[in-house]
Amino acid sequence: MNPLIPVILSGGAGTRLWPLSRRSHPKPFLELPDGETLLQKTLQRALALPGVERFLTVTNREYYFQTRDVYQRVPGAAEREAFYLLEPVGRNTAPAIAAAALQAQEMAGPEALLLVLPADHLVRDQAVFAAAVAKAQRLAGQGYLVTFGITPGWPETGYGYIEAGEALTDGGETLGLAVRRFVEKPDAATAAAFLAQGGYTWNSGMFCLRADAFLSALESYQPQLDQDIRAAWAEGRRKDDYLELPAGFAQVADISVDYAVMEKTDRAAVVPGDFGWTDIGSWTAFGDLLPADPNGNRVLGESVLEDARDCIVHSPERLAALLGVEGLVVVDTPDALLVARKDRDQDVKRIVAELKRRGHDAHNLHRTAHRPWGTYTVLEEGSRFKIKRIEVKPGAALSLQMHYHRSEHWIVVSGTAKIVNGEDEALILTNESTYIPAGTPHRLVNPGTIVLVMIEVQSGEYLGEDDIVRFDDRYGRVPQ
């Protein structure tokens, strides 16, 4: 059988899971109640399939280091060949899968099989999932473009549907069904009719495709997109385990694989399955991962609930108290609080859109921001000052940089810091400090084997994160 290459699509912002999901730390990186992330679970699911020797990840270039950090926690990942396609901006699933197909051909030949897995899904029954993948592989090997249909459990209006046709068999065994048509997200009455009629599945957004078959279909139905993706892939900057797609990728068509190819081809097939699939795309879906109390409340964190029913509460850092309410979503983070009716949880993205329109940082950043070298958390800020807690991973280093408008005081809480301060270089130990004047080139390095923890006090007329000039950087953040 042709080699199977999982392709993990990890680009969604997850705006319906705000304020937990932000642009700088989106949904695939969120910890679920069991402590694992959606991205981590997706790779575990892929690597548990037989014969997987390599995998691809399509993500934004800003998430490259975060993604690698997550994968380090997945058993067996280090023994597989990993490759990353880094987008300057997200352009939907058709361009992402096309770029992955080109890369898979280079890695394993034109008949390589892609198993496309969005990074925001859960699958609870690995054995049933693996059996469905095995059938899809056989169909894809014959040139079918295969999607996975989920047996519907209720008349869901938040998913697209697939109407199936005749059976597709091999040696007397039914492997899947021909796709009769794809249906957009229906209203409640239409969804109920689909369920009653039978022959419909939810559209999971997962695919199994032979690289050459998909690219041939793309060339037939979307010739301009095919040309643009081939040009972007050829022009990309290659280094070690990644290909950074060029800025021109932002100009390719923003189109889903369903619209671009699947709804047009006569070679679309669906493998139905009931393997405990969930799309964690809303707070109701997230709440379903938590146990319910006798009143139907699902809570993460300490809470006091009096006469409260059917609520979802996410407040891991401080006590949440609810009194006399029903059907609410309450999500508390250090810098933002969401209170919404459960039946409006699909509209949370409207709040994110409004924050973005206002230019408010809450659509983009948490108080804790993730960087290739570690994290920083804003503890307090006011007129002309900001206080941060900085954690630097062992062996990591911030860029050699300077600021025009602020000076900084650094106090080491634990670990050892190697400091470049202008022409001077020194080791700063626990309970010691240093001062960085504005306009002075400086760098912070953790030379030790434990996490370096520091407190940074900024002072100046402007304290924005864009007041930074980088001279040298290990993580490719200096303009070429």
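Residue numbering note: each chain is counted from 1, following its sequence as written. Reporting in this predicted model follows two pLDDT cut-offs: at least 70 for local features of residues, and 80 or more for side-chain atom pairs to be given and counted; totals over whole chains, interfaces and linings ignore these cut-offs and use all residues. The basis for the side-chain values is all heavy atoms of the structure; hydrogens and waters are excluded.

**A closer look at the overall build of the chain**
Under the convention used in this document: For the purposes of this entry, the term helix denotes a DSSP run of H or I that reaches at least four residues, the term strand denotes a run of E that reaches at least two, and both are numbered from the N terminus. A radius of gyration in this sense is built from C-alpha atoms; the matching globule rule multiplies 2.2 Å by the number of residues raised to 0.38. To sort residues, take the accessible area from a 1.4 Å probe on protein chains only and compare it with the maximum for the residue type: under 20% means buried, over 50% means exposed, and anything in between is partly exposed. We call two residues contacting when some pair of their heavy atoms lies within 4.5 Å.
Regarding its fold elements, the chain presents 10 helices and 28 strands. Scaling as 2.2 N^0.38, a compact globule of 480 residues should have a C-alpha radius of gyration of about 23 Å, and the chain matches this with 25 Å. Scored against the burial criterion, the 480 residues of the chain give a buried share of 52%. For the chain, contacts bridging at least 24 residues in sequence account for 70% of all contacts bridging at least 6.

**What to know about the packing of helix α3 (residues 93–108) against helix α6 (residues 211–221)**
The test is simple: Interaxial angles span 0 to 180 degrees and are taken between N-to-C directions of axes, which are lines fitted to C-alpha atoms, for helices over the stretch in contact. Roughly parallel covers angles under 35 degrees, roughly antiparallel covers those over 145, roughly perpendicular covers 65 to 115, and oblique covers all other angles. Rotating anticlockwise by less than a right angle from the far helix to the near helix defines a left-handed crossing, while the corresponding clockwise rotation defines a right-handed one. Three categories are distinguished: nonpolar for Ala, Val, Leu, Ile, Met, Phe, Trp, Tyr, Cys and Pro, charged for Asp, Glu, Lys and Arg, and polar for the others, with Gly belonging to the last.
Axis separation between α3 and α6 bottoms out at 9 Å; the angle between their running directions is 135 degrees. As summarised for this structure, α3 and α6 are arranged oblique, according to the angle between their axes. Both α3 and α6 take part in a crossing whose hand is left-handed. Residues Ala94, Ile97, Ala98, Ala101, Leu102 and Gln105 of α3 form the contact with α6, whose participating residues are Ala211, Asp212, Phe214, Leu215 and Leu218. Residue composition of the contact of α3 with α6, grouped by class: nine nonpolar, one polar and one charged.

**Observations concerning the side chain of Asp241**
For clarity, the cut-off: The term polar contact refers here to a pair of N or O atoms within 3.5 Å; inside protein, the definition further demands a hydrogen-donor-capable atom paired with an acceptor-capable atom, and it admits residues adjacent in sequence only when both atoms are side-chain atoms.
Looking at the secondary structure, you find Asp241 in the loop between β10 (237–239) and β11 (242–244). Taking relative accessible area as the criterion, Asp241 reaches 17% and is therefore assigned buried. Within polar-contact distance, the side chain of Asp241 engages the side chain of Tyr64 at 2.6 Å. Setting aside anything within four residues of it in sequence, one finds Asp241 in contact with Tyr64, Arg68, Ala82, Phe83 and Tyr84.

**Comments concerning the nonpolar core**
Basically, it comes down to this: Side-chain atoms within 4.5 Å are what join buried Ala, Val, Leu, Ile, Met, Phe, Trp, Tyr and Cys residues into a set we call a nonpolar core.
Judged by nonpolar contacts, the single largest core of 69 residues is most densely connected at Val146, Phe148 and Leu444. Ranked by the residues each element gives to this core, the list is headed by helix α4 (residues 126–141), at six residues. Not counting residues up to four positions away in its chain, the partners in contact with Val146 are Ala136, Leu139, Ala140, Met206, Phe207, Cys208, Leu209, Ala269 and Val271. Leu56, Leu145, Phe182 and Trp233 belong to the second-largest nonpolar core, a separate cluster that totals 48 residues.

**Quick look at the sheet that holds strand β19 (residues 374–382)**
Going by this rule: Only strands joined by at least two bridges in the DSSP assignment are considered to pair.
Taken together, six strands build an open sheet; the order of strands is β18-β19-β20-β27-β22-β25 and the sheet is antiparallel. At either margin of the open sheet sits one strand with a lone partner, and together these are β18 (368–371) and β25 (433–436). Sheet twist, expressed as the mean angle between neighbouring strand axes with direction ignored, is 20 degrees.

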